[in-house]
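Here are the chains, one letter per residue:
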Amino acid sequence: MTHDEILKGLYDETLVGNAPAVRDLTNLGLAEDLSPESMLYDGLIPSLEEVGARFERGDYFVPEMLIAARAMQGALDILRPLLIETGVQQVGTFVMGTVKGDVHDIGKNLVNIMLEGAGFTVIDLGVNVSPEKFVEQVIEHKPEIVGFSAFLTTTMPMFKANINALRKAGLRDDVIVMVGGAPVTQEYADIVGADGYAADASTAVRLAKDLIQKRRALVPA
Ligand code: B1M
């Protein structure tokens, strides 16, 4: 199969939630020297975007979204070790979670993979994480950054609730707050008082490094 045929296969089979085919195509892609990044950005992610578009049009329902997501996750399991380079210098600790009321995790997991690849120690709190849990974990791990993901317009307000909880616990000035997720914008991040917003995983990594550097320049260790 050519690279284009493999990418088209990844797109088509994710769209119909055919997890075994997506796993096989991912392995075939690797055997044929197709880069993990290309499989992600040229095959798997565009397919999930089409799943979302079909859901919006009423052509797909939650079960179709779910099986497509599972198929994508199978590919991510294979690609994960390849996206995480080894031997990179430790940059800092990042506590990450999807906010309360929200169970989407593919985007968050992708950001985590890229952060680990860039040398961050990532503490992943999973999905549906309450403000109390974020506070507890910030106290326990003392991360440089805490990241909140939200994928629904209805769960984005949890950013503010989380930031208020950090403030109430006296932790707001000790930790950088980053936010992200499909419906989030820079404007919304500014309104809730986050320190940083990124639209995708690679921008999130660049921004995280940048924010840490700026913080270290202001507050020498
Ligand atoms: Co849901 N869903 N879903 N869904 N789902 C969306 C998000 C939606 C946009 C679909 C649509 O209508 N087009 C829509 C939200 C509309 C809105 O509020 N604006 C939606 C809806 C409505 C729902 C339900 C309410 C449906 C229902 O029950 N009626 C329900 C809610 C459940 C809940 O959370 N309480 C629901 C459920 C689900 C499934 C469980 C079936 C499944 C999730 C499975 C899983 O994640 N394990 C699912 C899926 C798969 C989707 C779509 C199709 C794909 C999401 C995805 O993984 N994208 C999605 C449509 C879409 O996004 N186009 C949709 C790929 C991923 C790589 O991109 O998530 O954007 P993304 O992540 C990016 C960036 O956002 C960024 O980097 C990531 C990588 O580049 N980023 C950060 C993420 N976190 C970051 C943090 C940062 C920085 C950057 O700093 C801290």
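Residues numbered from 1 in each chain as written. Predicted model: local features only at pLDDT ≥ 70, side-chain atom pairs only at ≥ 80, totals over all residues. Heavy atoms only, no water.

### With respect to the domain arrangement of the chain
Quick note on the threshold: Residue ranges assigned to each domain were obtained from an automatic or database domain assignment. Working rule for contacts: check all heavy atoms of both residues, and any pair within 4.5 Å makes them a contact. Buried area is calculated as the accessible area (1.4 Å probe) missing from two parts once they are joined, with the contributions of both summed. Salt bridges, as used here, are contacts in which a Lys or Arg side-chain nitrogen is within 4 Å of a carboxyl oxygen on Asp or Glu.
Taken domain by domain, the chain comprises domain 1 (3-85) and domain 2 (92-218). Put simply, the middle of domain 1 and the middle of domain 2, counted by C-alpha atoms, are 26 Å apart. Facing the 12 residues of domain 1 at the interface are 9 residues of domain 2. Counting the surface lost from both domain 1 and domain 2, the interface buries some 950 Å², and carbon and sulfur atoms represent 69% of this. Across the contact surface, domain 1 and domain 2 share 1 salt bridge.

### A short note on the coordination of the cobalt atom of the ligand
Reference values for coordination geometry: four tetrahedral donors around a metal ideally subtend 109.5 degrees, six octahedral donors ideally subtend 90 or 180 degrees. Just so we agree on the cut-off: Here a donor is an N, O or S atom found within 2.8 Å of the metal, or within 3.2 Å if the metal is Na, K or Ca; sites may look incomplete because water is not among the atoms. In this description a helix means any DSSP run of H or I spanning at least four residues, a strand means any run of E spanning at least two, and both kinds are numbered starting from the N terminus.
Exactly one protein atom donates to the cobalt atom of the ligand; that atom is His 104 (NE2), 2.2 Å from the metal. Mapped onto the elements, His 104 comes out in the loop between strand 1 (92-98) and helix 5 (106-117).

### Some words on the packing of aromatic side chains
What counts here: Two aromatic rings from Phe, Tyr or Trp, using only the six-membered ring of Trp, form a pair when their centres are within 6.5 Å; if the ring planes differ by under 30 degrees the pair is stacked, by over 60 it is edge-to-face, and anything between is tilted. Only protein chains enter the accessibility calculation, which uses a 1.4 Å probe; a residue whose area is less than 20% of its type maximum is buried, one above 50% is exposed, and one in between is partly exposed.
The full count for this structure, using the stated rule, is 4 aromatic pairs. Ring plane angle 25° and centroid distance 6.4 Å describe the contact between Phe 148 and Phe 159, whose orientation is recorded as stacked. Taken as a pair, Phe 148 in strand 3 (residues 145-149) and Phe 159 in helix 7 (residues 158-168) lie far apart in primary sequence, 11 residues in all. We note that Phe 148, like Phe 159, is buried. A network of ring pairs unites the aromatic residues Phe 134, Phe 148, Phe 159 and Tyr 188 as a single cluster.

### Remarks on the site of the ligand
The test is simple: Proximity is defined per residue: any heavy atom of the residue falling within 4 Å of a molecule or strand makes that residue near it. Any N or O atom pair separated by 3.5 Å or less is treated as a polar contact, with the protein-specific requirement of one donor-capable and one acceptor-capable atom, and with residues adjacent in sequence counted only for side-chain atom pairs. Think of it as three bins: nonpolar holds Ala, Val, Leu, Ile, Met, Phe, Trp, Tyr, Cys and Pro, charged holds Asp, Glu, Lys and Arg, and polar takes everything else, Gly as well.
In the vicinity of the ligand, 37 residues are found, and the nearest of them are Glu 56, Val 103, His 104, Asp 105 and Ser 149. One of the side-chain nitrogen or oxygen atoms of Asp 105 is found 2.7 Å away from a nitrogen atom of the ligand. Elements with a minimum of two residues in the shell around the ligand: helix 3 (36-57), helix 4 (62-83), helix 5, strand 3, strand 4 (176-180) and helix 9 (201-218). Looking at the shell around the ligand, the element that brings in the most residues is helix 3, giving 6 residues. Looking at the shell around the ligand residue by residue, the classes come out as 22 nonpolar, 10 polar and 5 charged. Looking at the shell around the ligand, you find at least three residues from each of domain 1 (3-85) and domain 2 (92-218).

### What to know about the pattern of salt bridges
Overall, the coordinates contain 10 salt bridges when judged by the stated rule. Among the salt bridges present, the one from Arg 57 reaches Glu 50, with a minimum N-O distance of 3.5 Å. Given a relative accessible area of 51%, Arg 57 falls into the exposed group. Among the salt bridges present, the one from Asp 124 reaches Lys 108, with a minimum N-O distance of 3.0 Å. Taken together, the residues Asp 124 in strand 2 (residues 120-124) and Lys 108 in helix 5 connect sequence positions 16 residues apart. Asp 124 sits in the partly exposed class, given a relative accessible area of 38%. Overall, Lys 108 belongs to the buried group, its relative accessible area being 2%. Linked by salt bridges that have partners in common, Glu 50, Arg 54, Arg 57 and Asp 59 make up one network.

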